[in-house]
Number of protein chains: 2
Amino acid sequence: MSVLIVGTTALDSIKTPTKENPRLLGGSASHAAVAASFFSPVKLVGGVGEDFPKKYIKLYRKHGIDLGGLQILPGKTFHWSGEYGVNMNNRRTLATELGVIETFQPKLPAAYQNAPFLLLGNIAPALQLSVLGQMKKPKFVVADSMDLWINIALPDLLKLLKRVDGFVLNDSEAELLTKSDNVFAALKKIHQLGPKYVIIKKGSHGSILSGPKGIFICPAYPLHTVEDPTGAGDSFVGGLIGYLASAKGSIDANLRRAMVYGSVTASFCCEGFGLNRTTKIKHSDIEKRVKELVGMTEF
Amino acid sequence: MSVLIVGTTALDSIKTPTKENPRLLGGSASHAAVAASFFSPVKLVGGVGEDFPKKYIKLYRKHGIDLGGLQILPGKTFHWSGEYGVNMNNRRTLATELGVIETFQPKLPAAYQNAPFLLLGNIAPALQLSVLGQMKKPKFVVADSMDLWINIALPDLLKLLKRVDGFVLNDSEAELLTKSDNVFAALKKIHQLGPKYVIIKKGSHGSILSGPKGIFICPAYPLHTVEDPTGAGDSFVGGLIGYLASAKGSIDANLRRAMVYGSVTASFCCEGFGLNRTTKIKHSDIEKRVKELVGMTEF
């Protein structure tokens, strides 16, 4: 089944202690869409400026991503630039040029409105709500977010949480949202805000799912080298929903495995700048790592 | 089979943001011995002062711990006092009074020298070497350590590592020892120092085993409340070696499961001050959590 993904479509300039890569394809929707494309057909909703490189359009197309919902708007593409510290855990935003994203209003083509799986990738909650409002009757809706929206758009985010099946956030965002550093207390509070499924991402420490079948502790695929973790969280949730949309059976029956697929897809993202590595892998590379990860967790 | 455990036998005064508990039974050997006692007969090697409370001797005995190697020495028991911050991750040592531990020399009773399993719990590497030197032919030797010994007794520690089967340390100690923050690079370097099995503990994020059967990612049992994490690492390795000594079959066949048992035993340690909680559980409580943990990791 197909997955509709909304989020930012951006150009990312990324510095690490050893390398610098300007104007890479980035943004939450780009990372999530490429990740999901390994499993299911993807429809993208986003807005870019007239400066958006043709090669990135080609890259989306190479992954079979439907661009019927990608608006090319007068002005410049959203540009983010950031710098990572030595251990890749701390990053510092150097510049944020919103460009066309400032006034972007998602408009769903008719063919998009029936998509059964919807990923509301990280973007302003008001835009996530706008996309959700244009959908007919999605089977499964998952939302991602970030600290920025918890800080500056909490009322919209809370409105959104009442209407999604799943919510994905990282551990520090969970603490920010719930004022609790205990994972159980945080999960309980987030469930009370609406979502049946809550996923807390912990970077290289894996992730935790809480839902009707209880807690699932999902390992991260351990990496020999991390080149650039930008977009890993988006790749995780993209791989997750892509796998879910491809799997037969109920959400409950597939969600744990979907998290493992998301986790493995995200591992590739970290091994190259931007989407450099993820766009070079095959589906079989993901299957191989999933098998390895199974071998690393069995006892 | 029996487990010989050497390490510190101490009195711990522990402060957390909400509570304060003076002169609890503590020390690496105490925590490890109680943890191991749920699975196998334990022989303790340590030294305490004349002030060591009788009730703690009784507590060891309640757990069937053989005290033939516990020396009661003229002077005061090793006393450590520390304080935890709000999130329980950072602790600050308030005072360290070495007492009898300063001149303590482990002497193994004849009946101890044939113990098949040996845990060299966290204590000066010179003392760990001394105990190892008095053993006949242990089947399996695992050593624990801490940042202090990496900083002030590295030559002794390196000598020790050449002679043990397994080495357990936490992630920051692994980085300190290897100057590498990548887990694979760190594991490789530590294997080169001698141990066939290396275990890196990551607190609430679980632990990682590296050995001939590859990598094993061991989850931590997630806790609703953490009262006091002091001794959790010692409980982990104590539970691990206790389980190993009780299990039929090869080390390789049992080690992953032993880590899960160690992880679960350590979870109880965190739920009370000092050994307050661990000394109140039954073996069936451990089995119950192991079963739950299996349920939280299957996919």
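These figures come from a predicted structure and were not determined experimentally.

Draft legend 1. The arrangement of helix H9 (residues 251–270) of chain B in detail. All names here are of chain B. Look at H9: 27 Å from first C-alpha to last across 20 residues, which is about the 28 Å you get at 1.5 Å a residue. Of all the bends in H9, the greatest, near 30°, is centred on Arg257. Among the 20 residues in H9, 17 count as buried, and that is most of the element.

Draft legend 2. Region of interest: the sheet that holds strand S3 (residues 20–26) of chain A. Residues and elements named next belong to chain A. One open sheet accounts for 4 strands, arranged S3-S2-S6-S7; its pairing is mixed. The open sheet has two edge strands with one neighbour each: S3 and strand S7 (91–97). Neighbouring strand axes in the sheet, compared pairwise and without regard to direction, differ in orientation by 20° on average. Sheet topology places strand S2 (residues 10–15) next to S3; 5 bridges connect them, and they run antiparallel. Paired with Leu11 across the two strands is Leu25, which belongs to S3. Sheet strands in contact with helix H2 (residues 54–62) are S2 and S3, and its direction is about 55° off that of S3.

Draft legend 3. Representation of unusual backbone geometry in the model. In this model, Arg23 of chain A sits at a positive phi of 50°, which is unusual for a non-glycine residue. A relative accessible area of 38% places Arg23 of chain A in the partly exposed class.

Draft legend 4. Representation of the packing of aromatic side chains. All names here are of chain A. For the structure on display, the rule yields 16 aromatic pairs over all chains. A ring pair is formed by Phe117 and Phe140, whose centres lie 6.4 Å apart and whose planes are at 55°; its orientation type is tilted. Highlighted residues: Phe117 in strand S8 (residues 117–120) and Phe140 in strand S9 (residues 140–144), separated in sequence by 23 residues. The two residues Phe117 and Phe140 agree in class, both being buried. Centre to centre, the rings of Tyr243 and Tyr261 are 4.3 Å apart; their planes meet at 10°, and the pair counts as stacked. Taken together, the residues span a long stretch of sequence, with Tyr243 in helix H8 (residues 232–246) and Tyr261 in helix H9 (residues 251–270) at a distance of 18 residues. Ring pairing ties together the aromatic residues Phe39, Tyr243 and Tyr261, which thus form one cluster. Here the basic side chain of Lys43 rests over the ring of Tyr112, its NZ or CZ set 5.7 Å away from the ring centre. In this structure, Arg289 is placed above the aromatic ring of Phe268, and the distance from its NZ or CZ to the ring centre is 4.0 Å.

Draft legend 5. Representation of the interface of chain B and chain A in the model. Contacts between the two partners involve 26 residues from chain B, matched on the other side by 26 residues from chain A. Summed over both sides, the interface of chain B with chain A buries roughly 2300 Å², with 64% coming from carbon and sulfur. Among the residues of chain B in contact with chain A, Phe184, Ile217 and Phe299 of chain B are the three that bury the most area, contributing 31% of the side total. At the surface where chain B touches chain A, the tally comes to 10 residue pairs in polar contact (both at pLDDT 80 or more). Elements represented by at least two residues in the side of chain B that touches chain A include exactly strand S13 (214–218), H9 and helix H10 (283–297) of chain B. With 5 residues, the single largest contributor to the side of chain B that touches chain A is H10 of chain B. The class makeup of the residues in the side of chain B that touches chain A is 14 nonpolar, 7 polar and 5 charged.

Draft legend 6. Looking closely at the packing of helix H1 (residues 28–37) of chain B against helix H8 (residues 232–246) of chain B. Residues and elements named next belong to chain B. Two numbers describe how H1 lies on H8: the axes approach to 7 Å, and their chain directions differ by 40°. In terms of their interaxial angle, H1 and H8 are classed as oblique. Taken as a pair, H1 and H8 cross one another with a handedness that is right-handed. Judged by residue contacts, Ser28, His31, Ala32, Ala35 and Ala36 of H1 engage Asp234, Ser235, Gly238, Gly239 and Gly242 from H8.

Draft legend 7. Layout of the layout of surface pockets. Reported here for the second largest pocket is a volume of approximately 160 Å³. Considering the residues around the second largest pocket, the lining is formed by Arg257, Val294, Thr297, Glu298 and Phe299 of chain A together with Val294, Thr297, Glu298 and Phe299 of chain B. Among the secondary structure elements, those contributing two or more residues to the lining of the second largest pocket are helix H10 (283–297) of chain A together with H10 of chain B. Looking at the lining of the second largest pocket, its residues break down into 4 nonpolar, 2 polar and 3 charged.

Draft legend 8. How the structure looks around the confidence of the model for chain A. Within chain A, residue pLDDT values average 96, and 100% of them lie at 70 or more. This prediction of the complex comes with two scores: 0.94 for pTM and 0.91 for ipTM.

Draft legend 9. Structural view of the environment of Arg257 of chain A. Tracing the sequence through the fold places Arg257 of chain A in helix H9. Since its relative accessible area comes to 30%, Arg257 of chain A is described here as partly exposed. A sequence separation of 39 residues divides Arg257 of chain A from Cys218 of chain A, and the C-alpha atoms of the two residues are 9.1 Å apart. Setting aside chain neighbours within four positions, we find Arg257 of chain A in contact with Tyr243 and Val290 of chain A together with Phe299 of chain B.

Draft legend 10. Main features of the sheet that holds strand S6 (residues 79–84) of chain B. All names here are of chain B. Read across the sheet, 4 strands follow the order S3-S2-S6-S7 without closing on themselves; strand pairing throughout is mixed. Edge positions in the open sheet fall to strand S3 (20–26) and strand S7 (91–97), since each of these has one partner strand only. Neighbour-to-neighbour, the strand axes of this sheet turn through a mean angle of 20°, independent of strand direction. Along the sheet face, helix H2 (residues 54–62) touches strand S2 (10–15) and S3 and points at about 55° away from the line of S3.

Draft legend 11. Here's a closer look at the nonpolar core. Core analysis: the biggest nonpolar cluster contains 99 residues, and Leu4 and Leu120 of chain A together with Ile5 and Ile286 of chain B have the highest contact counts within it. The next biggest cluster of nonpolar side chains, apart from the first, holds 98 residues, and it includes Ala29, Ala33, Ile199 and Leu240 of chain A.

Draft legend 12. Fine view of the side chain of Thr230 of chain A. Residue and element names in this part refer to chain A. Here Thr230 is to be found in the loop between strand S13 (214–218) and H8. By relative accessible area, Thr230 is classed as buried at 5%. A polar side-chain atom of Thr230 sits 2.7 Å from a polar atom in the side chain of Tyr84. Not counting residues within four places of it along the chain, the set of residues in contact with Thr230 comprises Asp12, Ile14, His31, Trp80, Tyr84, Arg91 and Cys269.

Draft legend 13. Layout of the environment of Leu255 of chain A. Residue and element names in this part refer to chain A. With respect to the element layout, Leu255 can be found in helix H9. Linking Leu255 and Leu209, residues 46 residues apart in sequence, is a C-alpha distance of 8.7 Å. With near-sequence residues (within four places) excluded, Leu255 lies in contact with Tyr197, Leu209, Leu240 and Leu244.

Draft legend 14. Focus on the packing of helix H6 (residues 171–178) of chain B against helix H7 (residues 183–192) of chain B. Residue and element names in this part refer to chain B. Packing of H6 against H7 leaves a shortest axis separation of 10 Å and a crossing angle of 65°. Considering the relative orientation of H6 and H7, their crossing is left-handed. Where H6 approaches H7, its residues Ala174, Leu177 and Thr178 are matched on the opposing element by Ala186, Lys189 and Ile190. In terms of residue class, the contact of H6 with H7 is made up of 4 nonpolar, 1 polar and 1 charged.

Each value, and the rule that gives it
- Residues numbered from 1 in each chain as written.
- Chains lettered and ligands numbered in written order.
- Predicted model: local features only at pLDDT ≥ 70, side-chain atom pairs only at ≥ 80, totals over all residues.
- Heavy atoms only, no water.
- Helix = DSSP H or I, 4+ residues; strand = E, 2+ residues; numbered from the N terminus.
- Expected span 1.5 Å × (residues − 1).
- Bend = angle between axes of the 7 residues up to and from the residue.
- Buried < 20%, exposed > 50% of the residue type's maximum accessible area, 1.4 Å probe, protein only.
- Pairing = 2+ DSSP bridges.
- Axes fitted to C-alpha atoms, helices over the stretch in contact; angles between N-to-C directions.
- Contact = heavy atoms within 4.5 Å.
- Phe/Tyr/Trp six-rings, centres within 6.5 Å; stacked < 30°, edge-to-face > 60°.
- Lys NZ or Arg CZ within 6 Å of the ring centre and 35° of its normal.
- Buried area = accessible area lost by both parts, 1.4 Å probe.
- Polar contact = N/O pair within 3.5 Å; in protein donor to acceptor, adjacent residues only side chain to side chain.
- Nonpolar A, V, L, I, M, F, W, Y, C, P; charged D, E, K, R; others polar.
- Parallel < 35°, antiparallel > 145°, perpendicular 65-115°, else oblique.
- Left-handed = near helix turned anticlockwise from the far one by under 90°.
- 1 Å grid on protein atoms, 1.4 Å probe; cavity = no way out; pocket = protein on both sides within 12 Å on 5 of 7 lines; lining within 4 Å.
- Points joined across faces, edges and corners; volume = space filled by probe spheres on them.
- pLDDT = per-residue confidence, 0-100.
- Core = buried A, V, L, I, M, F, W, Y, C linked by side-chain atoms within 4.5 Å.

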